[in-house]
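Results of the structural survey
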Amino acid sequence: MRPVVRQGLVAPGIVAALVLMTLAFAGSGAALAVLAAGAAAIVGHHLWHLDQLTEWAVASLDAQVPHGSGAWVGAFAALHRRARNHAAHERDLRQVIERFQQVAAAMPDGIVVLDASNRIAWANPRAQAQLGLELAQDQGQPIMNLVRQPEFLRYLETGDYGESIVVASSRDAGRMLALQLVPFAADQKLLMSRDVTELEAVARMRRDFIANVSHELKTPLTVISGFIETLQDLDLDAGQRTRFLQLMQEQARNMQRLVADLLTLSALESEHNPLVEERFEVAPLLLELSADAKALSRGQHEVALDIGDAATVHGSRDELASAFGNLVSNAIRYTPPAGTITLGWRVDADGSGVFEVRDTGIGIAAEYLPRLTERFYRVDRSRSRATGGTGLGLAIVKHVALRHQAQLEIGSERGRGSVFAIRLPARRVERAPDSPEHSPGTSDPDSAKRASGEDASTSTGAQRGTGP
Ligand code: ADP
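Each chain carries its own residue numbering, running from 1 in the written order of its sequence. Two thresholds apply to this predicted model, a pLDDT of at least 70 for residue-level local features and 80 or more for giving and counting side-chain atom pairs, whereas whole-chain, interface and lining totals are computed over all residues. In computing side-chain properties, one takes all heavy atoms of the structure into account and sets aside hydrogens as well as water.

Digging into the site of the ligand
Stated precisely, the cut-off is as follows: Any residue with a heavy atom positioned within 4 Å of a molecule or strand is treated as near that molecule or strand. Whenever two N or O atoms come within 3.5 Å, that pair is a polar contact, provided that in protein one can donate a hydrogen and the other can accept it, and provided that, for residues adjacent in sequence, both atoms are side-chain atoms. Secondary structure follows DSSP: runs of H or I at least 4 residues long count as helices, runs of E at least 2 residues long count as strands, and numbering of each begins at the N terminus. Here the term charged refers only to Asp, Glu, Lys and Arg, the term nonpolar to Ala, Val, Leu, Ile, Met, Phe, Trp, Tyr, Cys and Pro, and the term polar to all other amino acids, Gly among them.
If you check the shell around the ligand, you find 22 residues, and the closest are Asn330, Tyr334, Ser384, Gly391 and Leu394. One nitrogen or oxygen atom from the side chain of Arg333 is found 2.9 Å from an oxygen atom belonging to the ligand. In the model, an oxygen atom of the ligand is placed 2.8 Å from a nitrogen or oxygen of the Leu394 main chain. Ranked by residues supplied to the shell around the ligand, first place goes to helix α9 (residues 317–333) with three residues. Among the residues making up the shell around the ligand, the classes are represented as ten nonpolar, eight polar and four charged.

Shown next as structure tokens:
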């Protein structure tokens, strides 16, 4: 017999025994009264438990299961066990959901859960920020109402979600987002979003760079192959031949310079090429550079040297010589004959060491200054080419400066001249013990003022620093 039935029969059994005993000793009237009282007690007991059960069933889910007696003990105990298991299961589920939400919130990518009719069921904070959603009010809204870029709407319609698409962010101008739909369960989808602005910029730079290099190489190659054909086809006299060969050599040198600058740039950018830290004196380097400048100028310019302080520098002598050399070569190439080029060095009061090249050349208008250190950027393309420029000189200078935690400071005024300065941080500069402390305005007031870019920038507003 099942325990509930057994326990349920105990009370009626006792009542029946009492009725029989009363019938035997006190007659049928008393027995009837005992039967009525017993039946009422049994019904009352069951009704009371039924009432307890009903109250528990309509109370909140975490309400305590009531304690029962008699036949109800087993039923309430079973309910109690079930409620406890349910609570434990719910706690586990809540933990899983919390963990999922923590993971989703920490994800660098945005995630939106879409239901079968592409309505927003949930979104992590990153997706809300990237796509401009507000979960509290957008939950249940069709995603098409909120992500409205035509490329996305087409993508959503196609049903082919193998690849992501890149769209411009409608929230932050200039930012690019990669969006991908990932179907899951029977008919739901995840919309993943990722900020790919930087990746896209790198890809575009790479494309531009390849296009630029190809273009730069194509021009001299076309000229050279044109001359070769002419030399093959035409019967030229010795003078013409020599002239053509000279022109071909010039173009070949341009290509050599370009390739050399490209190799220098790639070496400077390489992770496997750490900076060579050495100590060297500045004065001998400046003397070398000034001799190079004179050779380059072939007596067409006045080349002056202004060494304010004797000092030792920590860094790569070769790299700094190449950067300074580029600035000197530019000064000569962009300064008409009879102009003056001044190479200067000083240690400022804050301990930073400034190498500067000043010229009285063609100068640069303020609007071009921000782009000068971009690869292949030239203000005057034909002048750069005619003087053997590759368009990479200042990009090299910027990289060398970056590797030395130095600032590249440029001041210029169109038609009057320019000053390019590399400011090395104090920890890379050691003033010679017997060198008097340089304070702007003592040894060469003009030099200090111009090196800081003040002179040119106050008149043109054209000064900037490029640094780490
Ligand atoms: P390039 O090989 O063309 O000289 P750079 O990177 O060295 O390339 O310089 C970029 C551009 O900056 C030059 O094409 C030129 O227009 C401008 N520039 C650089 N130095 C000077 C200067 N001292 N005076 C005037 N313009 C300059």
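What about the sheet that holds strand β13 (residues 429–431)?
Note the following rule: Here, a strand pair is defined by DSSP locating no fewer than two bridges between the strands. Axes, fitted as lines to C-alpha atoms, cover a helix only where it is in contact. Angles between the N-to-C directions of the axes lie from 0 to 180 degrees. By the convention used here, residues are in contact when the closest approach between their heavy atoms is within 4.5 Å.
Strand order across the open sheet formed by three strands is β6-β8-β13, with antiparallel pairing between neighbours. Two strands lie at the open edges of the sheet, namely β6 (278–281) and β13, each paired on one side alone. Neighbour-to-neighbour, the strand axes of the sheet open up by a mean angle of 20 degrees, direction not taken into account. Bridging between strand β8 (residues 311–315) and β13 involves three bridges; their strand directions are antiparallel. The residue bridging Thr312 from the neighbouring strand is Glu430, located in β13. Its contacts with the sheet put helix α8 (residues 282–297) on β6 and β8, and the angle it makes with β6 is roughly 65 degrees. On top of the sheet, α9 reaches β6 and β8; it is set at about 50 degrees to β6, its chief contact.

Comments concerning helix α7 (residues 238–269)
Since one α-helical turn is 3.6 residues long, residues separated by three or four positions face the same way. Our working rule: Any helix carries an expected span of 1.5 Å times its number of residues minus one. Burial status follows relative accessibility: with a 1.4 Å probe on protein chains alone, a residue under 20% of its type maximum counts as buried, one over 50% as exposed, and anything between as partly exposed.
Relative to the 46 Å expected for 32 residues at 1.5 Å per residue, α7 spans 46 Å between its end C-alpha atoms, a close match to the ideal helical length. Those residues of α7 not exposed but buried are Phe244, Leu247, Met248, Gln251, Met255, Leu258, Asp261, Leu262, Leu265 and Leu268. If you check the start of α7, you find a side-chain oxygen 3.1 Å away from the backbone N of Gly239, and it comes from Asp237.

Details of the nonpolar core
In a soluble, globular protein the nonpolar side chains are often hidden away together inside. Rules: For our purposes a nonpolar core is just a set of buried Ala, Val, Leu, Ile, Met, Phe, Trp, Tyr and Cys residues, chained together by side-chain atoms within 4.5 Å. Note that domain bounds follow an automatic or database assignment of domains.
With 46 residues, the main nonpolar core has Trp345, Leu372 and Ile422 as its most contacted residues. Sort the elements by how many residues they give to this core and α9 lands first, with seven residues. Shared between two domains, this core holds at least three residues of each, these being domain 3 (200–269) and domain 4 (278–460). Core analysis: the next-biggest nonpolar cluster, separate from the first, contains 23 residues, Leu114, Ala127, Ile143 and Leu177 among them.

A few points about the packing of aromatic side chains
Note the cut-off: Each pair of aromatic rings taken from Phe, Tyr and Trp, with Trp reduced to its six-membered ring, is defined by centres within 6.5 Å and is described as stacked if the planes are under 30 degrees apart, edge-to-face if over 60, and tilted in the remaining cases. Whether a charge sits over a ring comes down to the Lys NZ or Arg CZ being within 6 Å of the ring centre and within 35 degrees of the ring normal.
All told, the structure shown has six aromatic pairs when counted by the stated rule. Ring geometry for Tyr155 and Tyr161: centres 5.4 Å apart, planes at 70 degrees, overall edge-to-face. Just as Tyr155 is buried, Tyr161 falls in that class too. Their ring planes at 40 degrees and their centres at 6.0 Å tell us that Phe209 and Phe376 sit as a pair that is tilted. On the criterion of sequence distance, the pair formed by Phe209 in helix α6 (residues 197–233) and Phe376 in the loop between β10 (353–359) and α10 (381–386) is long-range, its members being 167 residues apart. Looking at Phe209, the relative accessible area reads 25%, which means it is partly exposed. Residue classification places Phe376 among the buried positions, given a relative accessible area of 3%. Taking the ring centre of Phe209 as reference, the NZ or CZ of Arg375 above it sits at 4.9 Å.

Some thoughts on unusual backbone geometry
Of note in the backbone geometry, Phe376 takes a positive phi value of approximately 65 degrees without being a glycine. Phi is positive for Gln405, close to 55 degrees, though the residue is something other than glycine. By secondary structure assignment, the location of Gln405 is in the loop between α11 (393–403) and β11 (407–413). On the basis of relative accessibility, which here comes to 31%, the residue Gln405 falls in the partly exposed class.

Focus: the environment of Val419
Among the structural elements, Val419 can be located in strand β12 (residues 417–424). Through-space distance from the C-alpha of Val419 to that of Glu356 is 6.7 Å; in sequence the pair is 63 residues apart.

Structural notes on the pattern of salt bridges
Note the following rule: By convention in these notes, a salt bridge is any Lys or Arg side-chain nitrogen within 4 Å of a carboxyl oxygen on Asp or Glu.
Evaluation of the coordinates by the stated rule reveals 19 salt bridges. For the salt bridge of Arg428 with Glu277, the shortest nitrogen-to-oxygen distance reads 2.9 Å. A residue pair is termed long-range when its members are at least 10 positions apart, and Arg428 in the loop between β12 and β13 and Glu277 in the loop between α7 and β6 qualify at 151 residues. Residues joined by salt bridges that share partners form a network here, namely Arg346, Asp348, Glu356, Arg358, Glu409 and Arg423.

Some remarks on the packing of α9 against α11
Which entries qualify depends on this criterion: Each crossing is labelled by how the near helix is turned from the far one, with a counterclockwise turn of less than a right angle marking it left-handed and a clockwise turn marking it right-handed.
With their axes 9 Å apart at the nearest point, α9 and α11 run at an angle of 145 degrees to one another. Every pair of crossing elements has a handedness; the one defined by α9 and α11 is left-handed. In this structure, α9 contributes Glu319, Leu320, Ser322, Ala323, Asn326, Leu327 and Asn330 to the contact, and α11 contributes Gly393, Leu394, Ile396, Val397, Val400 and Arg403. Looking at the contact of α9 with α11 residue by residue, the class counts come to seven nonpolar, four polar and two charged.

What about the domain arrangement of the protein chain?
Each assigned domain of the protein chain is listed with its residue range as follows: domain 1 (3–97), domain 2 (107–195), domain 3 (200–269) and domain 4 (278–460). Taking only C-alpha atoms into account, the centre of domain 2 sits 48 Å from that of domain 3.

Thoughts on the pairing of β12
Among the eight residues of β12, eight are classified as buried, and the element is accordingly described as predominantly covered. In this structure, β10 lies alongside β12, joined through seven bridges in antiparallel fashion. Each bridged residue has a counterpart across the sheet, and for Phe355 the counterpart in β12 is Ile422. The sheet contact formed by β11 and β12 spans seven bridges and is antiparallel. Its bridge partner being in β12, Ser412 is matched across the sheet by Ser418. Between β11 and the antiparallel strand that follows it, β12, lie three residues; Gly415 among them carries a positive phi value of about 85 degrees.

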